[in-house]
Amino acid sequence: MPRTMSGLLLSILAVAGIVAYFGPEAVIDTVTGAFENQEPVLIEDEGHQLLVGGDGEAKARQCTVTVALTTRQCGDVKVVVIDAAKMPFIARNIHLAWGEGQPSVLTRNSAKQPANRAAACGRFVPKNGGSCDEYSFATTDEGGSGARTEEVPLREQRCQGGTISSGYAKAKIGQGDSFLVVISNPAQVATTGFTGADVADEQVEQCAL
């Protein structure tokens, strides 16, 4: 019994010390963040659907799905759309990355693209004639060595390049601006990894939106 009480007292003193050092708000934010739902969320209204990371759900619900997908603006947040009908394997990588804790709200920093790309994919060896895809995007502060990587068709990589570039332009996302990534046509997200076959419903390379 004395050992149990002693251990409890030490735990209480340790917590009290952490609170005193960092402040109660910081401790609450840390504990809350540890339990925050990061699983991707399917949002549907009027027959339209989009998929978003758990951290971006509140932002995505500031408008209808149609508004988010057509205007690239949802309330006070700018939106970049990845179309799973054109990029099912890239959409899969993003979907899995969200589930692993990667954010759906990113910050544009195109100057970091070469370094981020090298850090994420420099040692990646495609096994099925494809290309390395990384999320978070290389053109963001969140990209780089911590990005999730997966092999995808080369066509999808070219499609994604145009999608992101035109997405930045359409939503007027400048350097340092934050934006929300969403997936359209979520039913088309690939359910297995790329093994050499391009399975997209829309196999296009020019994907400017």
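The notes below deal with the structure included here. If you're wondering where the values come from, they're calculated on a predicted model, not measured in any experiment. (Residues numbered from 1 in each chain as written. Predicted model: local features only at pLDDT ≥ 70, side-chain atom pairs only at ≥ 80, totals over all residues. Heavy atoms only, no water.)

### Section: the overall build of the protein chain
Argument step 1. For the protein chain, the count of helices and strands is seven helices and eight strands.
Argument step 2. Looking at the protein chain residue by residue over its 209 residues, the buried ones come to 43%.
Argument step 3. Across the protein chain, contacts joining residues at least 24 apart in sequence account for 71% of those joining residues at least 6 apart.
Argument step 4. In the form shown here, the protein chain has an accessible surface area of approximately 10900 Å², with 56% of it arising from carbon and sulfur atoms. (Helix = DSSP H or I, 4+ residues; strand = E, 2+ residues; numbered from the N terminus. Buried < 20%, exposed > 50% of the residue type's maximum accessible area, 1.4 Å probe, protein only. Contact = heavy atoms within 4.5 Å. Areas by Shrake-Rupley, 256 points an atom, 1.4 Å probe, with all protein chains shown as cover.)

### Overview of the pairing of strand S8 (residues 178-184)
Argument step 1. Across the seven residues of S8, six count as buried, placing the element largely inside the fold.
Argument step 2. Pairing of strand S2 (residues 48-52) with S8 involves two bridges; the strand directions are antiparallel. Looking across to S8, one finds that Leu 51 is bridged to Ile 183.
Argument step 3. In this sheet, S8 lies alongside strand S5 (residues 105-107) in antiparallel orientation, the contact comprising three bridges. (Pairing = 2+ DSSP bridges.)

### So, the nonpolar core
Argument step 1. Grouped together as the largest cluster of nonpolar side chains are 27 residues, with contacts concentrated most on Ile 94, Tyr 135, Phe 137, Phe 179, Val 181 and Ile 183.
Argument step 2. Those elements giving two or more residues to this core turn out to be strand S4 (77-83), helix H5 (88-99), helix H7 (154-170) and S8.
Argument step 3. Looking at this core element by element, the count peaks at six residues for H5.
Argument step 4. In this structure, Ile 43, Cys 63, Val 77 and Val 81 belong to the second largest nonpolar core, which totals 14 residues. (Core = buried A, V, L, I, M, F, W, Y, C linked by side-chain atoms within 4.5 Å.)

### Let's talk about the packing of H5 against H7
When two helices pack together, their arrangement is given by the angle between the helix axes and the distance between those axes.
Argument step 1. Contact geometry for H5 and H7: axes closest at 8 Å, N-to-C directions at 75 degrees. Taken together, the axes of H5 and H7 are roughly perpendicular relative to one another. Along its contact with H5, which presents Pro 88, Phe 89 and Ile 90, the element H7 presents Glu 156, Gln 157 and Gln 160.
Argument step 2. Within the contact of H5 with H7, the residues separate by chemical class into three nonpolar, two polar and one charged. (Axes fitted to C-alpha atoms, helices over the stretch in contact; angles between N-to-C directions. Parallel < 35°, antiparallel > 145°, perpendicular 65-115°, else oblique. Nonpolar A, V, L, I, M, F, W, Y, C, P; charged D, E, K, R; others polar.)

### Some details on the side chain of Asn 93
Argument step 1. Among the secondary structure elements, Asn 93 is positioned in helix H5.
Argument step 2. Once residues lying within four places of it in the same chain are set aside, the contact partners of Asn 93 are Asp 133, Glu 134, Tyr 135, Arg 148, Thr 149 and Glu 150.

### Regarding the pattern of salt bridges
Argument step 1. Applying the stated criterion across every chain, the model contains nine salt bridges.
Argument step 2. Linking Arg 92 and Glu 150 is a salt bridge whose minimum nitrogen-to-oxygen distance equals 2.6 Å. Here Arg 92, found in helix H5, pairs with Glu 150, found in strand S7 (residues 148-152); they are 58 residues apart in sequence, far enough to count as distant. Side by side, Arg 92 and Glu 150 carry an identical accessibility label, which is buried. (Salt bridge = Lys/Arg side-chain N within 4 Å of Asp/Glu carboxyl O.)

### Some points on the environment of Leu 50
Argument step 1. Tracing the backbone shows Leu 50 in strand S2.
Argument step 2. C-alpha separation for the pair Leu 50 and Ala 84, spaced 34 residues apart in sequence, amounts to 9.9 Å.
Argument step 3. Here Leu 50 is in contact with Val 41, Leu 42, Ile 43, Val 65, Ala 68, Leu 69, Val 182, Ile 183 and Pro 186, once residues within four sequence places are set aside.

### Remarks on unusual backbone geometry
Argument step 1. Following Tyr 135, the chain continues to Ser 136 via a peptide bond in cis, the omega torsion being 15 degrees.
Argument step 2. Relative to the elements of secondary structure, Ser 136 occurs in the loop between strand S6 (131-135) and S7.
Argument step 3. Unlike most non-glycine residues, Glu 46 shows phi in positive territory, near 50 degrees.
Argument step 4. Along the chain, Glu 46 turns up in the loop between strand S1 (41-45) and S2.
Argument step 5. A relative accessible area of 69% places Glu 46 in the exposed class.
Argument step 6. Backbone geometry places Asn 185, a non-glycine residue, at a positive phi of 50 degrees.
Argument step 7. Within the secondary structure layout, Asn 185 lies in the segment after S8.
Argument step 8. Here Asn 185 falls in the partly exposed class, since its relative accessible area comes to 37%.

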